[in-house]
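The chain contents come next:
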Amino acid sequence: MQGKDYHATSVGKRDDPTRHKRVDGTMIKVELIDRMGTDLSVVNAARVSYAKTKEVFDDKDEKLIKYLATHEHWSPFAHASMQFRIKAPVFVARQLVKHQVGLVWNEVSRRYVDFPPELYKPDAWRGRPVNSKQGSDGEVELDQTLDHNLDTTMKSCLVLYNALLQKGVAPEQARMVLPQSTMTEWIWSGTVYAFARVCNLRCKSDTQKETRDVANEISKLASEAFPYCWQYLIDK
């Protein structure tokens, strides 16, 4: 399956008509833009040890995939890959970029671009958990003063950023005044096995919600591209 040709579009630039649209109630967006291989590619990679190959996927191939996943024979799953384009806040990107094995990451750099930043605003503020040092629990209602201060502070960051650019400050320095809620975009490519490891960790209930939203969407798209592999690689 060939992905969209992003060389022919203006994604992320000032004239990109999709930049300010909210997707499913959030600004976070995940697209599967390319892939290499199928479930059959994985079983053929396993069967090459016996100098065998298949042309049509059948029940025996599903059983083989289940066996490979159950017994952690991971190398056949590394012969198929996916490429995603993801848009999310910086604080989400910095959590996900920690996953390195079997994955490659290229991100928009504000050393080179200076189009108006977008700031992520959650639909609700979550409470700090009582018995844990991380995560969240329930919702917190901001009072009018705090909500006003938050909105003013975020706008002030944008005003300051633009003022620095207009003064002639280099984008690579001006970007330091932008908050972690700034939206970023990246291309993330990797093997089916590598993305399964990401989703097995980041789709869990104790993962930060915004990061889990990205992982859940990756998992959904991967299950459509590699239905049998994903069924047995993902923890139930």
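Keep in mind the model is a prediction, meaning the values are calculated, not measured.

Before going further, it helps to spend a moment on the overall build of the chain. In terms of regular secondary structure, the chain is built from eight helices and six strands. Walking the chain from its N terminus toward its C terminus, one meets helices and strands in the order β-α-α-β-α-β-β-β-α-α-β-α-α-α. A buried classification covers 39% of the 236 residues belonging to the chain. Sequence-distant contacts, at least 24 apart, represent 74% of the contacts inside the chain between residues at least 6 apart.

The next subject is the nonpolar core. Counting 42 residues, the largest nonpolar core has Ile86, Trp188, Val214, Ile218 and Trp230 as its most contacted members. The leading source of residues in this core is helix α6 (residues 192-202), at six residues.

Turning our eyes to something else, we now look at the layout of surface pockets. Taken as a whole, the largest pocket spans an internal volume of roughly 840 Å³. Around the largest pocket sit 31 residues that line it, and Phe91, Tyr120, Trp125, Gln208 and Glu210 are the ones nearest its centre. Only α3 (90-96), β4 (125-126), α4 (144-166), α6 and α7 (209-225) provide two or more residues apiece to the lining of the largest pocket. No other element matches α4, which puts six residues into the lining of the largest pocket.

The next point concerns the packing of aromatic side chains. A full pass over the atoms with the stated rule returns seven aromatic pairs. A centroid spacing of 4.7 Å and a plane angle of 25 degrees characterise the contact between Phe57 and Tyr228, whose relative ring orientation is stacked. Of the two residues, Phe57 sits in the loop between α1 (39-47) and α2 (59-70) while Tyr228 sits in helix α8 (residues 227-233), which places them 171 residues apart along the sequence. With a centroid separation of 4.4 Å and 10 degrees between ring planes, the pair formed by Trp105 and Trp186 is classed as stacked. Of this pair, Trp105 sits in strand β3 (residues 103-107) while Trp186 sits in strand β6 (residues 183-191), and the two are 81 residues apart along the sequence. By relative accessible area, Trp105 is classed as buried at 18%. If you follow Arg35 out to its NZ or CZ, it ends over the ring of Phe226, 5.7 Å from the centre. In this structure, Arg110 packs its charged tip against the face of Phe115, placed 4.6 Å from the ring centre.

All right, on to the environment of Leu178 then. One can find Leu178 in the loop between α5 (171-174) and β6. Given the relative accessible area of 14%, Leu178 is considered buried. With 60 residues separating them in the primary sequence, Leu178 and Glu118 have C-alpha atoms 10.0 Å apart. Filtering out sequence-adjacent residues up to four positions away, Leu178 remains in contact with Arg110, Pro117, Cys157, Leu158 and Tyr161.

Its place among the elements puts Lys87 in strand β2 (residues 81-89). Separated by 97 residues in sequence, Lys87 and Thr184 place their C-alpha atoms 5.7 Å apart.

Now for the pattern of salt bridges. A complete count under the given rule lists 11 salt bridges for this structure. For Arg85, the salt bridge is made with Glu185, and the minimal N-O distance between the two is 3.2 Å. Taken together, the residues Arg85 in strand β2 and Glu185 in strand β6 connect sequence positions 100 residues apart. The same class applies to Arg85 and to Glu185, which are both buried. With a shortest N-O distance of 3.1 Å, Lys155 and Asp151 are connected by a salt bridge. In this pair, Lys155 and Asp151 are both assigned in helix α4, four residues apart and thus about one turn of the helix distant.

The rules behind these values
Residues numbered from 1 in each chain as written. Predicted model: local features only at pLDDT ≥ 70, side-chain atom pairs only at ≥ 80, totals over all residues. Heavy atoms only, no water. Helix = DSSP H or I, 4+ residues; strand = E, 2+ residues; numbered from the N terminus. Buried < 20%, exposed > 50% of the residue type's maximum accessible area, 1.4 Å probe, protein only. Contact = heavy atoms within 4.5 Å. Core = buried A, V, L, I, M, F, W, Y, C linked by side-chain atoms within 4.5 Å. 1 Å grid on protein atoms, 1.4 Å probe; cavity = no way out; pocket = protein on both sides within 12 Å on 5 of 7 lines; lining within 4 Å. Points joined across faces, edges and corners; volume = space filled by probe spheres on them. Phe/Tyr/Trp six-rings, centres within 6.5 Å; stacked < 30°, edge-to-face > 60°. Lys NZ or Arg CZ within 6 Å of the ring centre and 35° of its normal. Salt bridge = Lys/Arg side-chain N within 4 Å of Asp/Glu carboxyl O.

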